[in-house]
Amino acid sequence: MKKTRVIVTGATGRMGQAVINGILDDPQCSLVGAVDIKGEGKDIGAVLGRGNLGIRIEQNLEKVIEDTLPDVMVDFTIAQVAKTNIDTAIKFGVYSVVGTTGFNEKELEEIQGLSEDKGTGVFFAPNFAIGAVLMMQCAKEIIKYLPEAEIIELHHDQKLDSPSGTALRTAEIMALERGLNSNTAQGKEKKGMYEKVKGARGGNHNGIPIHSIRLPGLVAHQEIIFGGLGQTLSIRHDSIDRNSFIPGVLLAIKEAPKREGVVVGLENLMEM
Ligand code: NAD
């Protein structure tokens, strides 16, 4: 059976290293390239403490693609860098599996357009943890019955973007189910309410308040609290280790390239 040839951009980052370990342990995948601005020239196997693999960390993505002819690029960098990487991958006909978060609307529209023009697909998952996907699916059901809800997301203090991609995606899924123009949207200020400290009520995405917490000691966590008459219902997901994301990334490497165009969300690759 032909193995899927994979390169990883952001290879020496927290997620990049976890993803590479997952790829190396998967008999259906073959790591063929590693791209990062940190650790250039070093062998990625040595960086991971697995001994030399004969794969040097390179800065130049185009060169790595030309030299290794990958099937899939997995990107865990930062949004601006990832945008350029995805454009390059599309140009070379390489499928992108993207974990990086923090893209703006314009960047996503451009990626969509380029993907359509060139006929090369891109898969985005704001969260690769299966538990987080299930949390979003549960939220979609619960909001039908308890339409007032707020999201609290908690991440490590090195995370650059807030709110998290997961929180934004969760709010979008919930708002779509509830109806974007719902009267119950707490985002529309209720009469007499005001903030004594700006931001105290969190951000507002599609009428759903989102509160972001950044602290050392955290990895990636999210709670959704639904409120109804005389009751609340809370659901929470905790990624306590970055390995929680790896089965989802491996599923995307194998399954997502079978889909056409731009696909968002791991739920689209799972039978749900
Ligand atoms: P990190 O800072 O540890 O790693 C980012 C890596 O990108 C670093 O090694 C950095 O050197 C590299 N980089 C920066 N600029 C580059 C460039 N120009 N070319 C090549 N490499 C470059 O960050 P992280 O914790 O690994 O997170 C990376 C991204 O993944 C973030 O956007 C984060 O929000 C996202 N994330 C997503 C999920 C998910 O399930 N989708 C899970 C965790 C993290």
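Residues numbered from 1 in each chain as written. Predicted model: local features only at pLDDT ≥ 70, side-chain atom pairs only at ≥ 80, totals over all residues. Heavy atoms only, no water.

Digging into the packing of aromatic side chains
- Tallied over the full model, the rule gives three aromatic pairs.
- Measuring from centroid to centroid gives 5.5 Å for Phe 103 and Phe 124, while their planes differ by 80°, and the two rings are edge-to-face. Placement of the pair is Phe 103 in the loop between β5 (95–98) and α5 (105–118) and Phe 124 in strand β6 (residues 122–124), with a sequence separation of 21 residues.
- A relative accessible area of 16% means that Phe 103 is categorised as buried.
- Grouped by ring-pair contacts, the aromatic residues Phe 76, Phe 123 and Phe 128 constitute a single cluster. (Phe/Tyr/Trp six-rings, centres within 6.5 Å; stacked < 30°, edge-to-face > 60°. Helix = DSSP H or I, 4+ residues; strand = E, 2+ residues; numbered from the N terminus. Buried < 20%, exposed > 50% of the residue type's maximum accessible area, 1.4 Å probe, protein only.)

Focus on the site of the ligand
- Lining the immediate environment of the ligand, one finds 21 residues, of which Met 15, Asp 36, Thr 101, Ala 125 and Phe 128 sit closest.
- The backbone of Arg 14 places a nitrogen or oxygen atom 2.9 Å from an oxygen atom of the ligand.
- Coverage of the ligand by the protein chains reaches 83% of its 860 Å² of free accessible surface.
- Applying the majority rule of atoms within 2 Å of the grid points places the ligand in the largest pocket.
- Tallied by class, the residues present in the shell around the ligand amount to eight nonpolar, eight polar and five charged. (Near = heavy atom within 4 Å. Polar contact = N/O pair within 3.5 Å; in protein donor to acceptor, adjacent residues only side chain to side chain. Areas by Shrake-Rupley, 256 points an atom, 1.4 Å probe, with all protein chains shown as cover. 1 Å grid on protein atoms, 1.4 Å probe; cavity = no way out; pocket = protein on both sides within 12 Å on 5 of 7 lines; lining within 4 Å. Sits in = over half its atoms within 2 Å of the grid points. Nonpolar A, V, L, I, M, F, W, Y, C, P; charged D, E, K, R; others polar.)

Notes on the layout of surface pockets
- The space that makes up the largest pocket amounts to roughly 1100 Å³.
- As for the largest pocket, its lining consists of 42 residues, of which Arg 14, Phe 76, Thr 77, Ile 78 and Thr 100 are closest to the centre.
- If you list the elements that add at least two residues to the lining of the largest pocket, you get α1 (14–24), α4 (79–91) and α7 (165–178).
- Its residues assigned to classes, the lining of the largest pocket comprises 15 nonpolar, 20 polar and seven charged.
- Residue contributions to the lining of the largest pocket reach at least three from each of two domains, namely domain 1 (4–124 + 243–269) and domain 2 (130–240).
- Of the voids in this model, the second largest pocket is the one considered here, and its volume is about 550 Å³.
- Looking at the lining of the second largest pocket, the elements with two or more residues in it are α5, α7 and β12 (262–264).
- Ranked by the residues each element gives to the lining of the second largest pocket, the list is headed by α5, at five residues.
- Here the residues of the lining of the second largest pocket are counted per class, giving ten nonpolar, seven polar and four charged.
- Shared between two domains, the lining of the second largest pocket takes at least three residues from each, and those domains are domain 1 (4–124 + 243–269) and domain 2 (130–240). (Points joined across faces, edges and corners; volume = space filled by probe spheres on them. Domains from an automatic or database assignment.)

Here we look at the side chain of Thr 4
- Mapped onto the secondary structure, Thr 4 falls in strand β1 (residues 4–9).
- Its relative accessible area of 18% is what places Thr 4 among the buried residues.
- Each residue touching Thr 4, except ones within four places of it in the same chain, is listed here: Gln 28, Cys 29, Ser 30, Asp 71, Val 72 and Ile 253. (Contact = heavy atoms within 4.5 Å.)

Points about the environment of Leu 250
- With respect to the element layout, Leu 250 can be found in helix α8 (residues 246–255).
- What makes Leu 250 buried here is its relative accessible area of 13%.
- In contact with Leu 250, not counting residues within four places along its chain, are Gly 22, Ile 23, Asp 26 and Cys 29.

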